[in-house]
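Survey of secondary and tertiary structure
Listed below, chain by chain, are the residues.
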Amino acid sequence: MASSRASTAACFFLALCLSSIALAGNFYQDVDITWGDGRAKILDDGQLLMLSLDKYSGSGFQSRNQYLYGKFDMQLKLVPGDSAGTVATFYLSSQGNTHDEIDFEFLGNLSGDPYVVHTNLYTQGKGDREQQFYLWFDPTMDFHTYSVLWNPRHIVFSVDGTPIREFRNRESAGVPYPKSQAMRAYASLWDADDWATRGGLVKTDWSKAPFTASYRNYTANGCVWNSGASSCAMGSNSWMWQELDSNAMNRLKWVQKNYMIYNYCTDPKRFPQGLPPECNAS
């Protein structure tokens with residue numbers, strides 16, 4: 001764990017200076033296994049965490065720290081072979097009925113079929129902002145990096161450094177934005193065969209269990225929430241006001257043109273009273 005130096009100048013919140021903290025590389029220090037009754041295992045001196053799922057239970061873990069804004073990376077190698085019905089996740093979430101949440105969910109499929117990357121956002125307890133993608137590689141063959149950038153301007157989902165989705169702060173248009181609830185990072189592997197694969201048409205084949213997903217190189221570079229307040233030294237964090245440059249925007253458009261398979265903003269049947277306001281924002 002390493003702390004960047006806090007400025008003695010103006011601070012981002014409540015005039016309290018907590019520096020941005022980057023955590024990387026050791027699951028023994030960074031996370032707590034929260035469920036699974038032994039199905040989650042930390043290996044390789046804390047460098048690898050494996051989640052498993054069988055017909056009785058899945059497993060999961062959460063970060064020890066909570067954050068209000070940050071840049072979060074996790075390398076995953078997803079369940080190989082016939083993974084239909086399984087869902088592996090990496091996400092951020094606060095607590096309570098009006099929670100905020102930023103989701104990466106990886107929906108398994110029959111052997112040879114592509115994984116679906118399911119993304120969603122909740123603000124003040126309301127979700128229904130799904131976008132789904134195929135990947136341009138086999139995510140079961142090797143580790144790939146899945147990232148969330150969350151700052152006051154936007155939320156960006158990225159895969160191996162390529163942005164696949166951006167959710168901008170549209171509070172000026174009446175769209176709630178996550179800005180006041182601290183979130184932990186979570187990961188899990190669980191059975192969702194009632195909806196995950198082709199809308200629940202393909203069920204989990206338990207003869208293939210246990211299913212396993214592998215996690216490594218978790219990095220959280222964010223503003224740690226502590227004693228009811230969180231702040232970062234003004235200007236000390238490159239991610240705090242980071243925007244997408246023209247190259248990143250071009251890559252985002254490439255992914256959305258070639259690999260997006262569902263977008264809630266192009267599904268008016270779900271919203272008979274009209275599409276959500278962020279869908280019409282320029």
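Preceding this section is the structure that the text describes.
In this report, the structure presented in the accompanying data block is examined.

Turning to the overall build of the chain, a few remarks are in order. From N to C terminus, the chain includes 2 helices and 17 strands. Considering the chain as a whole, with its 282 residues, one finds that 53% of them fall into the buried category. In the chain, once contacts between residues fewer than 6 apart in sequence are set aside, the share between residues at least 24 apart is 66%. For the chain, the exposed area adds up to about 13,000 Å²; of that, 48% sits on carbon and sulfur atoms.

This structure, assessed with the given rule, holds 1 disulfide. Covalent S-S linkage joins C265 and C279, the inter-sulfur distance amounting to 1.9 Å. Judged by the torsion about the S-S bond (-75°), the C265/C279 disulfide is left-handed. Separated by 14 residues along the polypeptide, C265 in the segment after β17 (260–263) and C279 in the segment after β17 bring together distant segments of the chain. Residue classification places C279 among the buried positions, given a relative accessible area of 19%.

Right, let's talk about the pairing of strand β9 (residues 101–107) for a bit. When a strand is regular, its side chains alternate between the sheet's two faces. Extensive coverage of β9 is indicated by the burial of 7 of its 7 residues. Both faces of β9 are covered, namely the face carrying E101, D103, E105 and L107 and the face carrying I102, F104 and F106. The pairing of strand β8 (residues 86–93) with β9 spans 7 bridges and is classified as antiparallel. By the bridge assignment, Y91 is partnered in β9 with D103. Where β9 and strand β10 (residues 116–122) come together, 7 bridges link them in antiparallel fashion. Bridged to L107 within β10 is V116.

To continue, consider the sheet that holds β9. Taken together, 8 strands build an open sheet; the order of strands is β3-β6-β15-β8-β9-β10-β11-β17 and the sheet is antiparallel. A single partner strand is all that each edge strand has here, and the edge strands are β3 (31–35) and β17. Across the sheet, the mean angle separating the axes of adjacent strands is 15° when strand polarity is ignored. Where β3 meets strand β6 (residues 59–63), 4 bridges bridge the pair, whose relative direction is antiparallel. The residue bridging D32 from the neighbouring strand is Q62, located in β6.

Attention now goes to the environment of L51. Turning to its location among the elements, L51 is positioned in strand β5 (residues 48–53). Residue classification places L51 among the buried positions, given a relative accessible area of 0%. The residues touching L51, leaving out its near neighbours within four places in the chain, are R39, A40, S59, G60, F61, A187, S188, L189, F211, T212, A213 and Y215.

Along the chain, T119 falls in strand β10. The exposure class of T119 is buried, given its relative accessible area of 0%. Of note is the side chain of T119, whose polar atom sits 2.8 Å from the side chain of R165. Look past the residues within four positions of T119 in its chain and what remains in contact with it is D103, F104, R129, E130, Q131, F133, F157, I164 and R165.

You can see P114 is positioned in the loop between β9 and β10. Measuring from C-alpha to C-alpha, the distance between P114 and P139 comes to 8.9 Å, with 25 residues separating the pair along the chain. If we ignore the near neighbours within four places in the chain, the residues touching P114 are N109 and Y134.

Moving on: helix α2 (residues 246–258). Owing to its 3.6 residues per turn, the α-helix aligns residues three or four sequence positions apart on the same side. With 13 residues, α2 should reach 18 Å at 1.5 Å per residue; the first-to-last C-alpha distance of 18 Å fits that figure. Those residues of α2 that fall on the buried side of the exposure criterion are A248, L252 and V255. End-on, the buried residues of α2 take up no more than an arc of 65°, which puts them together on one face. Exposed positions of α2 whose direction lies more than 90 degrees from the buried face are S246, K253 and K257. For α2, the secondary structure elements touched by its buried residues are β11 (131–133), β14 (162–168) and β17. Taking the backbone nitrogen of N247 as reference, a side-chain oxygen 3.3 Å away marks D245 as the first, capping residue of α2.

Once their charged atoms are close, side chains differing in charge can pair, the charge on each being opposite to the other. One pass over the structure, following the stated rule, counts 11 salt bridges. R39 is paired through a salt bridge with D54; the nearest N and O atoms lie 2.9 Å apart. Note that R39 is positioned in the loop between β3 and β4 (41–43) and D54 in the loop between β5 and β6, a separation of 15 residues in sequence. For D128, the salt bridge goes to R270, with nearest N and O atoms at 3.3 Å. Of the two residues, D128 is situated in the loop between β10 and β11 and R270 in the segment after β17; the sequence distance between them amounts to 142 residues. You can call D128 partly exposed: its relative accessible area is 37%. Put simply, R153, E166, R168 and E243 are held in one network by salt bridges that share partners.

Each value, and the rule that gives it
- Residues numbered from 1 in each chain as written.
- Predicted model: local features only at pLDDT ≥ 70, side-chain atom pairs only at ≥ 80, totals over all residues.
- Heavy atoms only, no water.
- Helix = DSSP H or I, 4+ residues; strand = E, 2+ residues; numbered from the N terminus.
- Buried < 20%, exposed > 50% of the residue type's maximum accessible area, 1.4 Å probe, protein only.
- Contact = heavy atoms within 4.5 Å.
- Areas by Shrake-Rupley, 256 points an atom, 1.4 Å probe, with all protein chains shown as cover.
- Disulfide = S-S within 2.5 Å.
- Pairing = 2+ DSSP bridges.
- Axes fitted to C-alpha atoms, helices over the stretch in contact; angles between N-to-C directions.
- Polar contact = N/O pair within 3.5 Å; in protein donor to acceptor, adjacent residues only side chain to side chain.
- Expected span 1.5 Å × (residues − 1).
- Arc of directions from axis to C-beta.
- Salt bridge = Lys/Arg side-chain N within 4 Å of Asp/Glu carboxyl O.

Taken by themselves, the reported measurements are silent on function.
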